[in-house]
Amino acid sequence: MAGILTLDVVLVASIFHTAALLGPFAPLGIVSYAVFLGLGHSYFKKHKEDLPFGARFFVAHIACIAIIWSINFAALHGFSFLLNSEGAHIVSRVLLLAAISLTALACIPAQVWVRTIRETKWLWLYSILTGTLAWCLRFPFQSFWDSSSTAPGRFLQRMTFHSVKVLLRVFLPDIYVDSETFIIGTPRFSIFVAEACSGLEGIGLVLAFTVIWLWYFRRESRFPQALLLVPCALLSVWMLNVLRISALVLIGNAGYGEVAMVGFHSQAGWIAFTVVAFAFSMATRKLPWVRRRYYFLPSTADHAHTTPIFLDDEDTQVGESPLTGAYLVPFLAILAASFVSKAASGYFEWLYPLRFLAASIAIWYYWPELKQINWRFSWWAPITGTAVFALWLVPSFLTHSNERSQLGAALAALSPVARLSWIAFRVAAAVITVPIAEELAFRGYLARRLVNREFDIVPFSAVTILSIGLSSVLFGLMHGHQWIVGILAGLVYAGLMKWKGRLGDAVIAHATSNLLLAIWVLSRGDWSQW
């Protein structure tokens, strides 16, 4: 359900007509939904039931999406009057709201929604209030960096710039800082800190994450000790933002302005948030000073005395499968390597081979567990992969898009040895490590994890329509502007795995698609496909 709702959020951002209506309210909806699922997690675990997938609702959902896409496509190809047509706007908005509602009804029947909301009592209200608070705080946090902001905002602004100034003067004697115009740098390179990249949004995200995390694990945490971790997390993300701004100037002043503004600028904020969130979660779960050894269940009519629940025993009973790392770490290694390689690159990701090496090391490390998987495949695997390759090229043929990419020019500027080496690593990653890592994560783990917590006992042929759909949506969203064909490709790979009952078929189909795409790119120079 979360993956399909995320798909609708992406749709809002990608269609001109509907973004004006629902775009500003995306924080409200996302936070409300996340809080409802997070706080109601224990309820959902106790009330497991087989939910029939509403195929008719989902078909109606697809029809609404198709109509909205058709209106947007027509507006961009000869019918520009639709961009200013109030009627087209209204139709698109109504259809979008209907599409989201139909998706919810397709995944969970209406009577289950009603019963869940009724039995969780006031949880729906708490979730909406939290989402509303997040929506209301969005603008005040950003306004802290406005020149007309209030005294607290001005104080934080001066503190940030003063800290950056002090830090940079250790390395650069000719540092220039203008707190009134938010410009900081050197005669060679300077930056303007806008609201969107000020770092305060990161503070807001960390604050929301820490509060929700402590609320969810309130039984397992010691108070007020655990509350002291919140200001520590906020201070940490603020200090990392100071380091980020300082590093931008240092990288740009060293002559790598493109790397600073294109790669590092876009990745450093997410890296900082991920590090702080991970450190906070580990601290609350591992530090004896913060984590309780046990807690007491409240007394009931049947039990006059409270019952102690020992956390170590409970964690052992309900813990994840020991094979979780083997299925997820190779994919996480690729993500981590991509963070690093993009942060150190400009328009050309020269460290792309790092992704191949990171995934290879992870697969090699977990190979004793992974070799137990049935890697055999049938001839249907390359046939299916060829079909997915053809499907992948359909959007460019339909739109007659000749999207230009800077990759070809960047490769041409390299020496022959460097160019061939980069292409070799790119093809090896696409054909070997990426198919293995992504199929392990999305089909091997997620599609089965949505069926049973102990995913490794679920046969590959036992994945459900719902688990295939959700895992395929998340898989498609990983592919940027190609998310639609990415979702379809995920559905095809998962369907093949379910049919044949082997992960090997999905891996070979995926590898075939990527191999044919690499041949297409290299033979035709269509670098936009990479």
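Owing to the predicted nature of the structure, the values given are computational and were not obtained by experimental measurement.

**Thoughts on the overall build of the chain**
Looking only at helices and strands, the chain has 22 helices and five strands in total. Within the chain, residue pairs in contact and separated by at least 24 positions form 71% of the contacts whose partners lie at least 6 positions apart.

**Here we look at the environment of Phe-53**
Residue placement: Phe-53 occurs in the loop between α4 (41-46) and α5 (55-76). As a C-alpha pair, Phe-53 and Ile-465 span 412 residues in sequence and 7.6 Å in three-dimensional space. With near-sequence residues (within four places) excluded, Phe-53 lies in contact with Phe-58, Ala-106, Ile-465 and Leu-466.

**Regarding the packing of helix α10 (residues 200-216) against helix α11 (residues 229-253)**
To characterise two packed helices, one gives the angle between the axes of the helices and the distance between these axes. Running from amino to carboxyl end, α10 crosses α11 at an angle of 155 degrees, the nearest separation of the two axes being 9 Å. The angle between α10 and α11 places the two elements in the roughly antiparallel class. The hand of the α10/α11 crossing is right-handed. Packed against α10, whose contacting residues are Gly-202, Ile-203, Val-206, Leu-207, Thr-210 and Leu-214, the element α11 presents Val-230, Ala-233, Leu-234, Val-237 and Trp-238 at the interface.

**What to know about the confidence of the model for the chain**
Of the residues in the chain, 76% reach a pLDDT of 70 or more, and the chain-wide mean stands at 78. In the predicted structure, residues 300-304 sits below a pLDDT of 50 and forms one contact with residues beyond four places in sequence or in another chain. Counting contacts from residues 313-319, a segment whose pLDDT is below 50, to residues more than four positions away or on other chains yields seven contacts.

**Examining α11**
The end-to-end C-alpha separation of α11 is 36 Å, in line with the 36 Å expected for 25 residues at 1.5 Å each. Trailing α11 by a residue or two, Gly-255 shows a phi angle of about 100 degrees, which is positive.

**Quick notes on the pattern of salt bridges**
Counting across every chain of the model gives three salt bridges. As a salt-bridge pair, Arg-355 and Glu-349 come within 2.9 Å of each other at their nearest N and O atoms. The class of Arg-355 is buried, set by a relative accessible area of 15%. Glu-349 sits in the buried class, given a relative accessible area of 15%. Across the pair Asp-505 and Arg-502 runs a salt bridge, and its minimum N-O distance is 2.9 Å. As far as the burial class goes, Asp-505 and Arg-502 line up, both buried.

**With respect to helix α17 (residues 380-398)**
Taking 1.5 Å per residue as the helical rise, α17 with its 19 residues ought to reach 27 Å, and the 27 Å between its terminal C-alpha atoms agrees with that figure. Looking at α17, one finds that the buried residues are Ala-381, Pro-382, Thr-384, Gly-385, Val-388, Phe-389, Trp-392 and Leu-393. If you follow the buried residues of α17, they end up packed against α21 (483-500) and α22 (503-524).

**Here we look at a nonpolar patch on the surface**
Residues Ile-117, Trp-122, Trp-124, Tyr-126, Ile-128 and Leu-129 make up a contiguous nonpolar surface patch of roughly 610 Å² in combined accessible area. Ranked by residue count, the leading element in the nonpolar patch is helix α8 (residues 123-143), at four residues. Within the secondary structure, Ile-117 is located in helix α7 (residues 110-119).

**Details of the packing of helix α20 (residues 465-477) against α21**
Packing of α20 against α21 brings their axes to within 7 Å, and their N-to-C directions diverge by 140 degrees. Between α20 and α21, the crossing angle belongs to the class labelled oblique. Considering the relative orientation of α20 and α21, their crossing is right-handed. When α20 is examined against α21, the residues Ile-468, Gly-469, Ser-472, Val-473, Phe-475, Gly-476 and Leu-477 are found in contact with a partner set consisting of Trp-483, Gly-486, Ile-487, Ala-489, Gly-490, Leu-491, Tyr-493, Ala-494 and Lys-498. Its residues assigned to classes, the contact of α20 with α21 shows 10 nonpolar, five polar and one charged.

**Re the environment of Ile-212**
Structurally, Ile-212 is set in helix α10. Each C-alpha atom of the pair Ile-212 and Thr-130 lies 9.9 Å from the other, and the pair is 82 residues apart in sequence.

**Observations regarding the sheet that holds strand β1 (residues 176-178)**
Taken in spatial order, the three strands make up an open sheet running β1-β2-β3, and their pairing is antiparallel. Since the sheet does not close on itself, it has two edges, and those belong to β1 and β3 (190-192), each with one partner. If you compare each strand with its neighbour and ignore which way they point, the axes differ by 15 degrees on average.

**A short note on the packing of aromatic side chains**
To describe a pair of aromatic rings, you give the distance between the ring centres and the angle between the ring planes. If you walk through the whole model with that rule in mind, you get 17 aromatic pairs. Ring geometry for Tyr-327 versus Phe-455: centroids 5.0 Å apart, planes at 85 degrees, classification edge-to-face. Residue Tyr-327 is located in helix α14 (residues 324-343), and its partner Phe-455 is located in the loop between α19 (416-449) and α20; the two are separated by 128 residues in the primary sequence. Aromatic side chains Phe-356 and Phe-425 sit 5.8 Å apart centroid to centroid with 65 degrees between the ring planes, which places their arrangement in the edge-to-face category. Highlighted residues: Phe-356 in helix α15 (residues 353-365) and Phe-425 in helix α19, separated in sequence by 69 residues. Exposure remark for Phe-356: the relative accessible area of 17% places this residue in the buried category. Given a relative accessible area of 28%, Phe-425 falls into the partly exposed group. Put simply, the rings of Phe-348, Tyr-352, Trp-422, Trp-527 and Trp-530 touch in pairs and so form one group of aromatic residues. Sitting over the ring of Trp-530, Arg-426 keeps its end group 4.5 Å from the ring centre.

**Some thoughts on the side chain of Ser-246**
By the secondary structure assignment, Ser-246 is in helix α11. With near-sequence residues (within four places) excluded, Ser-246 lies in contact with Val-164, Leu-167 and Leu-168.

Parameters at a glance
- Residues numbered from 1 in each chain as written.
- Predicted model: local features only at pLDDT ≥ 70, side-chain atom pairs only at ≥ 80, totals over all residues.
- Heavy atoms only, no water.
- Helix = DSSP H or I, 4+ residues; strand = E, 2+ residues; numbered from the N terminus.
- Contact = heavy atoms within 4.5 Å.
- Axes fitted to C-alpha atoms, helices over the stretch in contact; angles between N-to-C directions.
- Parallel < 35°, antiparallel > 145°, perpendicular 65-115°, else oblique.
- Left-handed = near helix turned anticlockwise from the far one by under 90°.
- pLDDT = per-residue confidence, 0-100.
- Expected span 1.5 Å × (residues − 1).
- Salt bridge = Lys/Arg side-chain N within 4 Å of Asp/Glu carboxyl O.
- Buried < 20%, exposed > 50% of the residue type's maximum accessible area, 1.4 Å probe, protein only.
- Patch = residues over 30% accessible without salt bridge, like charges linked within 9 Å, V, L, I, M, F, W, Y side chains within 5 Å.
- Areas by Shrake-Rupley, 256 points an atom, 1.4 Å probe, with all protein chains shown as cover.
- Nonpolar A, V, L, I, M, F, W, Y, C, P; charged D, E, K, R; others polar.
- Pairing = 2+ DSSP bridges.
- Phe/Tyr/Trp six-rings, centres within 6.5 Å; stacked < 30°, edge-to-face > 60°.
- Lys NZ or Arg CZ within 6 Å of the ring centre and 35° of its normal.

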